[in-house]
Amino acid sequence: GDAGGRTEASEVTDTFSLRGDISVHVVIQTGPNGEDPVVEDIENSTGTRLTLLRDKGLIQIQGPAERVAQAKRQLQQFADRFVTCKIQMKPQITAALANKVSHYIRPMPWIAAAEVDEMRDLLKIQGHQDSVDQTFKVLREVYRDHGLELTESDVITKKKSGEDHIFSSRPNARGKSADVIRVSEDDAAFILGRGGKTKQKIGRVSGAALELHERNNTVEIFGSEEERRKARKYVELVRAQRVGPVSVDESHDDGDLTMIAVPHNCVGFVTGSQGNFLRTCEEEWGTLMFFCDYEGPSADGFGGSERLAIFGDLTGRCGAELKVMAAIETKIPGYYTTNLGDTRSWDEWGTDTVPLQPDQLSYALGKKGSTRRKLARASGSILEYVGSVAFLAGPLDARRRGREYLGWLCDQVCCKTGRISIDPTTRKDVTLVPVPKDCIGYVMGDKRNTLSRLEEDWDTLIFFVDSKSLPTYQDVEGLAIFGAERGRAGTELKVMGAVETKLPQFFTKGVGDFHYPHEWGVDTLPLGNEELSFALGKDGSTRRKLARASGCILEYVGNVAYMAGTIPERRRARDYLNWLMKQRTGPVIVDISGRSDITVVEIPDEMKGMTKASALREVEKETGTFCFFQGDTSTSNALLVCGHRAEDRMHAEQIL
């Protein structure tokens, strides 16, 4: 704490700073064994007055100097008993433990925080040692109920003492462990970055999870051995940037490094104002980029240029490299593309080039690069225009698709209403949708805006096909949707919905309640008129909510709900839709046993006024969940938070 001023000759005012892992609320709670709240106990034993400054995480202490010092010692003794415990859970009991954490562990006295990361099967508990010890009784009970045993190797405990930490270096049941790097105060701030962005970037590029503890200037790294090794390397490289030029050599290359020569007169342009261009590349491609002194092979080939290091996976490095090449080509036209023609690589991973005419380049680029991004996402390739040459990088099949899609687009420069000719029976990247000729204008929208929006929303590419591609249809146009399976399904259902609005029953005549039995597919569920209105919501808000919470593609084609996705996704969507329908006529009772997509939040009677429908709708909108009370809304205290993502449900629970 920092010494304050004197209030009287015999009294002083001082403060005690609570560490970040000790929540303010724990010092006013009765202890796990019935102990008096810490603040009350210390006031009684020292004769001081303690005041919580919640917004600053401080406790203000007033009284005679000697007794204030005594109170601070007692607070420090209490704080020293706080630990952080991480448990690597068995995947089969993660959902059950998440429920126990929510209802039993988190509300326990002197527990500052308890969080479950269901993606990594990791439970993190912060609290007083006595309380953490009691949580293990609950944890072991859950393990025993599932025929399992909580072993020592699954548990990592960090004590907050002067020696800081030594984590067990042995891998636990999942092969994960933790490393700690001690850094200076300046390094800690630099590694964190503005708004935590640098720390997030290191985590994203390495695949590890990083926790930076500014109070003791340590970086905690979680992940596999390879992820931790890369994260340690990136942390050291970031630290080196703070004090001067970074030296990079062969030892830094773990198969994650690309070096690119940047001409001296392009360095400022490639860096961008305040480093914005490089930061944008890093964000887009999940890379770590900086200029450096390179001491590896071919270092002599960098004469007249600066070395730019790009760290990341192969896809990210390739995308970032092409971005930099495009920037250099803008500054020095022809630097990469002079005499560069149409080239094809037959390697499984490689780069192709396709020269474009000026009018083709403009059309294939699109407004603010929208068409280029669309082509890349639909084909699965990396696409960048370096000068007037299209560079396509990635796996062989993705480059072939990208080249073909780009060719179709360029052919439409001279004939923008032209049709492509394909045999859909021989392709796995296309969905063909028949569109009645009377509906073409409605489906396309003004200046093709509707189709363009669908392409943007679903990462697809849409073309009309010629009559040879639709041999069995008459008076219809064939709409070919290219892209990944999920994107094609979402686009197809949107198009079907538009056609059905214009021509009722075109797609839904005779369609009933249907469950598709295979892993990926489409289910259907007919709805009544009133049900449809309720399930749609204002401007489609309810439909979007159910789709987001379930993780399933959900569209209404006429009066039929179409659900596209995997079997678990479709089951969730159907369940959520049915529960929603039941809310129209009375209480909803849900059997939550065995479900991993529902968190039960107990709402005290005095707080129920704050969970009215309008408040719940705001929580749903912010967190991507579906919330309602179990049973009679007027008497139930059990609020069900539904959603396929554990972090979304946890976010909703925190808000509530």
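Residues numbered from 1 in each chain as written. Predicted model: local features only at pLDDT ≥ 70, side-chain atom pairs only at ≥ 80, totals over all residues. Heavy atoms only, no water.

Under an unreviewed UniProt entry, the name given to the protein chain is K Homology domain-containing protein, and the source organism is Alexandrium monilatum.

Enquirer: An account of the sheet that holds strand S12 (residues 246-248) is needed here, citing residue identities and associated values.
Expert: Judged by pairing direction, the sheet is mixed, and its 4 strands sit side by side in the order S12-S14-S15-S13 without closing on themselves. Both outer strands of the open sheet, S12 and strand S13 (257-263), are each paired with one neighbouring strand and no more. In this sheet, adjacent strand axes meet at a mean angle of 50 degrees when their direction is disregarded. Bridging between strand S14 (residues 288-294) and strand S15 (residues 305-311) involves 5 bridges; their strand directions are antiparallel. Counted as the bridge partner of Phe 291 is Leu 308 from S15. Relative to the sheet, helix H10 (residues 314-331) contacts S13, S14 and S15, its axis offset from that of S13 by approximately 5 degrees. (Pairing = 2+ DSSP bridges. Helix = DSSP H or I, 4+ residues; strand = E, 2+ residues; numbered from the N terminus. Axes fitted to C-alpha atoms, helices over the stretch in contact; angles between N-to-C directions. Contact = heavy atoms within 4.5 Å.)

Enquirer: Go over the nonpolar core, please, and point to the residues and values.
Expert: Within the largest apolar cluster, 27 residues are counted, with the highest numbers of intra-cluster contacts made by Leu 546, Tyr 556, Leu 577, Trp 579, Phe 626, Phe 628 and Cys 642. Listed by contribution, the elements that provide at least two residues to this core are helix H17 (529-536), helix H18 (541-550), strand S23 (553-557), strand S24 (560-566), helix H19 (567-582), strand S25 (598-602), strand S26 (626-629) and strand S27 (638-642). When residues of this core are assigned to their parent elements, the largest contribution, 6 residues, is made by H19. Setting aside residues up to four positions removed in sequence, Phe 626 forms contacts with Lys 545, Leu 546, Ala 549, Tyr 576, Trp 579, Leu 580, Gln 583, Glu 620, Leu 640, Val 641 and Cys 642. One finds Ala 208, Leu 210, Val 235 and Val 238 within the second-largest nonpolar core, a separate group that totals 26 residues. (Core = buried A, V, L, I, M, F, W, Y, C linked by side-chain atoms within 4.5 Å. Buried < 20%, exposed > 50% of the residue type's maximum accessible area, 1.4 Å probe, protein only.)

Enquirer: Which residues make up the sheet that holds strand S20 (residues 461-465), and what are the values?
Expert: Reading across the sheet, the 3 strands line up as S19-S21-S20 and stay open at both edges, with antiparallel pairing between neighbours. Looking at the sheet topology across the chains shown, the edges are occupied by strand S19 (430-436) and S20. Averaged over neighbouring strand pairs, the angle between their axes works out to 30 degrees when direction is ignored. Where S20 and strand S21 (residues 476-482) come together, 5 bridges link them in antiparallel fashion. Residue pairing in the sheet places Phe 464 in a bridge with Leu 479 of S21. Along the sheet face, helix H15 (residues 449-458) touches S20 and S21 and points at about 135 degrees away from the line of S20. The strands touched by helix H16 (residues 485-502) are S19, S20 and S21; relative to S19, the strand with the most contacts, the crossing angle is about 5 degrees.

Enquirer: Please give an account of unusual backbone geometry that cites residues and values.
Expert: The residue Asp 121 is not glycine, and still its phi comes out positive at about 55 degrees. Asp 121 gets classed as buried once you look at its relative accessible area, which sits at 7%. One non-glycine residue, Asp 539, lies in positive phi territory at about 55 degrees. Note on placement: Asp 539 falls in the loop between H17 and H18. Assessed through its relative accessible area of 66%, Asp 539 is described here as exposed.

Enquirer: Could you give an account of the packing of aromatic side chains, naming the residues involved and the relevant values?
Expert: According to the stated counting rule, one finds 16 aromatic pairs in the structure shown. The interplanar angle of 55 degrees and the centroid separation of 5.2 Å between the aromatic rings of Tyr 405 and Phe 482 together place this pair among those described as tilted. Here Tyr 405 is found in helix H13 (residues 396-411), whereas its partner Phe 482 is found in strand S21, with 77 residues between them in sequence. When the ring of Phe 463 is compared with that of Phe 482, the centres are 6.1 Å apart and the planes differ by 70 degrees; the resulting orientation is edge-to-face. Taken together, the positions of Phe 463 in strand S20 and Phe 482 in strand S21 put the pair 19 residues apart, joining distant regions of the chain. Across the pair, Phe 482 and Phe 463 agree in class, each one buried. Among the aromatic side chains, those forming a connected cluster through ring pairs are Tyr 405, Trp 408, Phe 463 and Phe 482. Over the face of the ring belonging to Tyr 442 we find Lys 502, whose NZ or CZ atom lies 5.4 Å from the ring centre. (Phe/Tyr/Trp six-rings, centres within 6.5 Å; stacked < 30°, edge-to-face > 60°. Lys NZ or Arg CZ within 6 Å of the ring centre and 35° of its normal.)

Enquirer: Tell me about the pattern of salt bridges, and please be specific about residues and values.
Expert: Per the stated rule, a full pass over the model turns up 46 salt bridges. Where Arg 81 meets Asp 130, a salt bridge forms, and the shortest distance between an N and an O atom there is 2.7 Å. Of this pair, Arg 81 sits in the loop between helix H2 (65-80) and strand S5 (82-88) while Asp 130 is found in helix H4 (residues 129-145), placing the two residues 49 residues apart along the sequence. Assessed through its relative accessible area of 23%, Asp 130 is described here as partly exposed. Measuring nitrogen to oxygen at the nearest pair gives 2.9 Å for the salt bridge that ties Asp 513 to Arg 574. A residue pair is termed long-range when its members are at least 10 positions apart, and Asp 513 in the loop between H16 and strand S22 (520-526) and Arg 574 in helix H19 qualify at 61 residues. Arg 574 gets classed as buried once you look at its relative accessible area, which sits at 8%. Among the charged side chains, a network of salt bridges with common partners joins Asp 186, Asp 187, Glu 236, Arg 239 and Arg 242. (Salt bridge = Lys/Arg side-chain N within 4 Å of Asp/Glu carboxyl O.)

Enquirer: Can you break down the UniProt feature "domain: K Homology" (unreviewed entry) in the protein chain residue by residue, with the values?
Expert: Under the UniProt annotation, the feature "domain: K Homology" (unreviewed entry) is placed at residues 20-80, 175-240, 348-411, 427-500 and 519-612. Its end C-alpha atoms 27 Å apart, residues 348-411 is made of 53% helix and 30% strand. (UniProt positions renumbered as here; feature names shortened; annotations may be inferred.)

Enquirer: Before we move on, can you summarise the pairing of strand S6 (residues 111-117) with the specific residues and values?
Expert: Bridging between S6 and strand S7 (residues 122-128) involves 6 bridges; their strand directions are antiparallel. Looking at the pairing, Asp 117 lines up with Leu 122 of S7. Between the end of S6 and the start of S7, which pair antiparallel, lie 4 residues, with Asp 121 showing a positive phi angle near 55 degrees.

Enquirer: Run through the packing of H17 against H18, naming residues and quoting values.
Expert: Contact geometry for H17 and H18: axes closest at 5 Å, N-to-C directions at 70 degrees. Judged on the interaxial angle alone, H18 and H17 are roughly perpendicular. Along its contact with H17, which presents Phe 534, Ala 535 and Leu 536, the element H18 presents Ser 541, Thr 542 and Arg 543. Here the contact of H17 with H18 is composed, by residue class, of 3 nonpolar, 2 polar and 1 charged. (Parallel < 35°, antiparallel > 145°, perpendicular 65-115°, else oblique. Nonpolar A, V, L, I, M, F, W, Y, C, P; charged D, E, K, R; others polar.)

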